[in-house]
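Chain residues, written in single-letter form:
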Amino acid sequence: RKAAAGLVIENLSLDYGSFRALDGVRLEAKPGELVVLLGANGAGKSSIFLATSGIHPAAGGSIRFGGRELVGMKPSQIVGQGLVLCPEGRKLFPQMSVLQNLNLGAYVHRGDRAGNERRLAEVMALFPILQEKQHQPAGSLSGGQQQMVAIGRALMGRPQALLLDEPSLGLAPLVVKQVFEVIQRINRAGTTVMLAEQNAYAALKIADRAYVIESGRIVMEGDPQSLLKNDEVRRAYIGA
Ligand code: ATP
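Looking at an unreviewed UniProt entry, the chain carries the name ABC transporter ATP-binding protein, with the source organism given as Aquincola agrisoli.

### So, the overall build of the chain
Counting its regular elements, the chain contains ten helices and ten strands. At 17 Å, the chain has a C-alpha radius of gyration in line with the 18 Å of a compact globule built from 240 residues. With respect to the principal axes defined by its C-alpha atoms, the chain has extents near 45 × 40 × 35 Å. Split into buried and exposed, the 240 residues of the chain put 51% on the buried side.

### Here we look at the environment of Val176
As for its placement among the helices and strands, Val176 is situated in helix α7 (residues 173–188). Considered as a pair, Val176 and Gly24 are 152 residues apart in the sequence and their alpha carbons are 32 Å apart. With sequence-adjacent residues up to four places away left out, Val176 is seen in contact with Ser168, Leu171 and Asn199.

### With respect to the layout of surface pockets
Of the pockets and cavities examined, the largest pocket occupies roughly 620 Å³. Lining the largest pocket are 25 residues; nearest its centre among them are Ile55, Val79, Leu85, Pro87 and Arg153. Elements with a minimum of two residues in the lining of the largest pocket: α1 (45–52), α2 (75–80), β6 (83–86) and α6 (143–156). For the lining of the largest pocket, the element with the most residues is β6, which contributes four residues. Residue classes in the lining of the largest pocket are distributed as 16 nonpolar, five polar and four charged.

### Concerning the packing of α6 against α7
For any two helices packed against each other, one specifies the inter-axial angle together with the distance between the axes. One can describe the packing of α6 onto α7 by two numbers: an axis separation of 10 Å at closest approach and a directional angle of 15°. Judged by the inter-axis angle, α6 sits roughly parallel to α7. Along this stretch, α6 crosses α7, giving a crossing that reads as right-handed. Together, Gly144, Gln147, Met148, Ile151 and Leu155 of α6 and Val175, Gln178, Val179 and Ile186 of α7 make up the contact between the two elements. Partitioned by chemical class, the residues of the contact of α6 with α7 number six nonpolar, three polar and no charged.

### Things to note about the side chain of Gln145
For Gln145, the position within the fold is in helix α6. Those residues in contact with Gln145 that lie beyond four places of it in its chain are Ile129, Leu130 and Lys133.

### Side note on the pairing of strand β4 (residues 60–65)
As defined by bridge partners, strand β1 (residues 7–16) adjoins β4 across five bridges and the pair is classed as antiparallel. Following the sheet pairing, Ile9 is matched in β4 by Ile63. Two elements, β4 and strand β5 (residues 68–69), share two bridges in a ladder whose sense is antiparallel. Bridge pairing in β5 links Arg64 to Glu69. If you look at the hairpin formed by β4 and β5, you'll find two residues sitting between the two strands, and Gly66 has a positive phi there, around 55°.

### What to know about unusual backbone geometry
What is expected of a backbone is that most residues other than glycine have negative phi and most peptide bonds are trans. The backbone of Asn11 shows a phi angle near 50°, a positive value even though the residue is not glycine. Mapped onto the fold, Asn11 is located in strand β1.

### A word on the nonpolar core
Within the largest apolar cluster, 49 residues are counted, with the highest numbers of intra-cluster contacts made by Phe127 and Leu195. The dominant element in this core, judged by the number of residues it contributes, is α6, at seven residues. With sequence-adjacent residues up to four places away left out, Leu195 is seen in contact with Leu34, Val35, Val36, Leu37, Leu164, Pro167, Phe180, Ile183, Ala203 and Ile206. In terms of nonpolar packing, the next biggest core, distinct from the first, is built from 29 residues, Ala43, Leu70, Met194 and Ile213 among them.

### So, the pattern of salt bridges
Summed over all chains, the structure comprises ten salt bridges. The salt bridge involving Glu166 is made with Lys45; its shortest N-O contact spans 3.6 Å. Of the two residues, Glu166 is situated in the loop between β7 (161–165) and α7 and Lys45 in helix α1; the sequence distance between them amounts to 121 residues. No difference in accessibility class separates Glu166 from Lys45, as the two residues are buried. The residue Glu221 makes a salt bridge to Arg209 at a minimum N-O spacing of 3.3 Å. Of the two residues, Glu221 sits in strand β10 (residues 217–222) while Arg209 sits in strand β9 (residues 209–214), which places them twelve residues apart along the sequence. What makes Arg209 buried here is its relative accessible area of 13%.

Conventions and cut-offs
- Residues numbered from 1 in each chain as written.
- Predicted model: local features only at pLDDT ≥ 70, side-chain atom pairs only at ≥ 80, totals over all residues.
- Heavy atoms only, no water.
- Helix = DSSP H or I, 4+ residues; strand = E, 2+ residues; numbered from the N terminus.
- Rg over C-alpha atoms; globule rule 2.2 N^0.38 Å.
- Buried < 20%, exposed > 50% of the residue type's maximum accessible area, 1.4 Å probe, protein only.
- Contact = heavy atoms within 4.5 Å.
- 1 Å grid on protein atoms, 1.4 Å probe; cavity = no way out; pocket = protein on both sides within 12 Å on 5 of 7 lines; lining within 4 Å.
- Points joined across faces, edges and corners; volume = space filled by probe spheres on them.
- Nonpolar A, V, L, I, M, F, W, Y, C, P; charged D, E, K, R; others polar.
- Axes fitted to C-alpha atoms, helices over the stretch in contact; angles between N-to-C directions.
- Parallel < 35°, antiparallel > 145°, perpendicular 65-115°, else oblique.
- Left-handed = near helix turned anticlockwise from the far one by under 90°.
- Pairing = 2+ DSSP bridges.
- Core = buried A, V, L, I, M, F, W, Y, C linked by side-chain atoms within 4.5 Å.
- Salt bridge = Lys/Arg side-chain N within 4 Å of Asp/Glu carboxyl O.

Here it is, written out as structure tokens:
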């Protein structure tokens, strides 16, 4: 497997029509880091991920991954570079089987059947429940299991860096804990992770570094311990 690659975003702006959703965003995930992005609803977390994965074009700025410029690349090319998004709301195909959903993540590697089989075995080892339910429609699984499918599908893209957009959304606390444990395992196995979360406390507990975004701008950056102690962060995102 290739080594983890780092992501460097500089002066990123993004527009929805005449509305500027991101303005001068700078953030970085060094190779192998687990970086958390905190922000309220509508702050711009998903927009950063959409621009990075090529789904919504940046209006300006630079997004470099492993030294390559991603701005201007198509989404499939970006996956081919080893940067994969696990989108907010999971975006599974509910009528298709778990296995079919997982295989969709391997689309850019469709020429490499043996490699995809190996990857699938790894994903099944990480999520044994998906092996059991592989022939069931993805929509019949519990919320937590569907999130596992979404993460598994992203892993089938063979990421060196994984962007996770609110993977804990709508899940019960015990399931949230499992999802965060899995994210930590994926990161420790050598994948750079950028995690957007509303669940600030749990996210900061596993982060190497964190950023806070408000109204399309990065307003704070630091190590998780100091953010956990910061009064503003506690008031806005932890409720203490
Ligand atoms: P959430 O957790 O709600 O997804 P977020 O931090 O990910 O929040 P974004 O989805 O990036 O925020 O949205 C940033 C801003 O852009 C918000 O003000 C949102 O209303 C706006 N926005 C997002 N998508 C569109 C769109 N397709 N058209 C117009 N405005 C949009």
